[in-house]
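Residue-level structure breakdown
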Amino acid sequence: MLAGALILVAVALLFATLVPAGAHVALDPERAEEALRVVATHHAVAREGQGEASLDALFKLGEATDGLVELLNQDLAAHGETNLFARLLVKRLQAYSVRVTLSETATRYAYDHAAFEEYLKRAPRGPRAPDARFKLIARDFYATLGPDPAMLVNADMSALLRAIAIEERFLRDHAGHEKTDQVRFFLSVDYYRASRNTADAARAARYAERARRELAVVVARAPETFEARAAAALLERLN
């Protein structure tokens, strides 16, 4: 029962980054080249444009890079190893100040989301600022997620608590955002992880109670989703 729940949790947590069913196809050079051209166009406007046009292009640069990385990961999932064309694409991205790396442990390509960070530096209250903040929250969440959601990967408690504060702020400041439910899911899991990695019994109990509250909201708001099933499995572990 517990093993099954853990598998469900791991699958659900990684759902947003895994390859969709039927997507295991070879990397299409034409599609990848088109994605690279889009990256180049947005990079040029972000660097040389003015005002809103430059800011919008900066955000779109990040989105286009995310899309290209998804193509790379689809190919990687299909074949289990990198190919020369994929490595060349990653190399060519460097010309546009875009850093994509291959994680040997996770066996996935990852984008550092520098365009979204730069957008927030230049326009912390810009029209795409909430979207940029979500991108960074999701990046940091998945970067510290392992097969067992109780464990912290490449992070310590101080980093986890900073993530919780950022997630709480997002929910407070952007209550109507389309990614609110996903951020609440991240927050509920992070509360759960905090309860499991805190030595102080009283603090652990407080984090566990907050985890129960947020996990219950996730389950209630969208009971048929992968996130809700994962939340239900974590609730079972807390009870």
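Here we summarise the structure given alongside this text. Computed from a predicted model, the values in this text were never measured in an experiment. (Residues numbered from 1 in each chain as written. Predicted model: local features only at pLDDT ≥ 70, side-chain atom pairs only at ≥ 80, totals over all residues. Heavy atoms only, no water.)

For the rest of this paragraph, the subject is helix α5 (residues 114-122). The set of residues buried in α5 consists of A115, F116, Y119 and L120. All buried residues of α5 project into a common sector of 135° when viewed along the axis, lining one side. Among the structural elements, α3 (51-79), β2 (108-111) and α6 (129-143) are those in contact with the buried residues of α5. (Buried < 20%, exposed > 50% of the residue type's maximum accessible area, 1.4 Å probe, protein only. Helix = DSSP H or I, 4+ residues; strand = E, 2+ residues; numbered from the N terminus. Arc of directions from axis to C-beta. Contact = heavy atoms within 4.5 Å.)

This next bit is on the side chain of T198. Relative to the elements of secondary structure, T198 occurs in the loop between α8 (180-196) and α9 (201-221). Judged by its relative accessible area of 13%, T198 is buried. At 2.5 Å, the side chain of T198 and the backbone oxygen of A194 are in polar contact. Residue contacts for T198: discarding those within four places in its chain leaves M157, R203, A204 and Y207. (Polar contact = N/O pair within 3.5 Å; in protein donor to acceptor, adjacent residues only side chain to side chain.)

Okay, the packing of aromatic side chains next. According to the stated counting rule, one finds seven aromatic pairs in the structure shown. Where F59 meets Y119, the ring centres are 6.1 Å apart and the plane angle is 75°; that geometry is what we call edge-to-face. Taken together, the residues F59 in helix α3 and Y119 in helix α5 connect sequence positions 60 residues apart. F59 gets classed as buried once you look at its relative accessible area, which sits at 1%. Among the residues examined, Y119 registers a relative accessible area of 1% and is labelled buried. Taking the centre distance of 5.3 Å and the plane angle of 80° together, the rings of F141 and Y142 count as edge-to-face. Feature note: the residues F59, Y111, F116 and Y119 constitute an aromatic cluster, connected by ring pairs. (Phe/Tyr/Trp six-rings, centres within 6.5 Å; stacked < 30°, edge-to-face > 60°.)

With that settled, consider the pattern of salt bridges. Going through the model one piece at a time under the given rule, you end up with 16 salt bridges. The partner of D56 in a salt bridge is K60, with the nearest N and O atoms 3.0 Å apart. Taken as a pair, D56 and K60 lie in helix α3 at a separation of four residues, close to a single helical turn. Judged by its relative accessible area of 26%, D56 falls in the partly exposed class. We classify K60 as partly exposed; its relative accessible area is 33%. When the shortest N-O distance is used, the salt bridge between D131 and R128 registers 3.0 Å. Judged by relative accessible area, which is 23%, R128 ranks as partly exposed. When salt bridges with common partners are traced through the structure, they connect D56, K60, E63, R128 and D131 into a single cluster. (Salt bridge = Lys/Arg side-chain N within 4 Å of Asp/Glu carboxyl O.)

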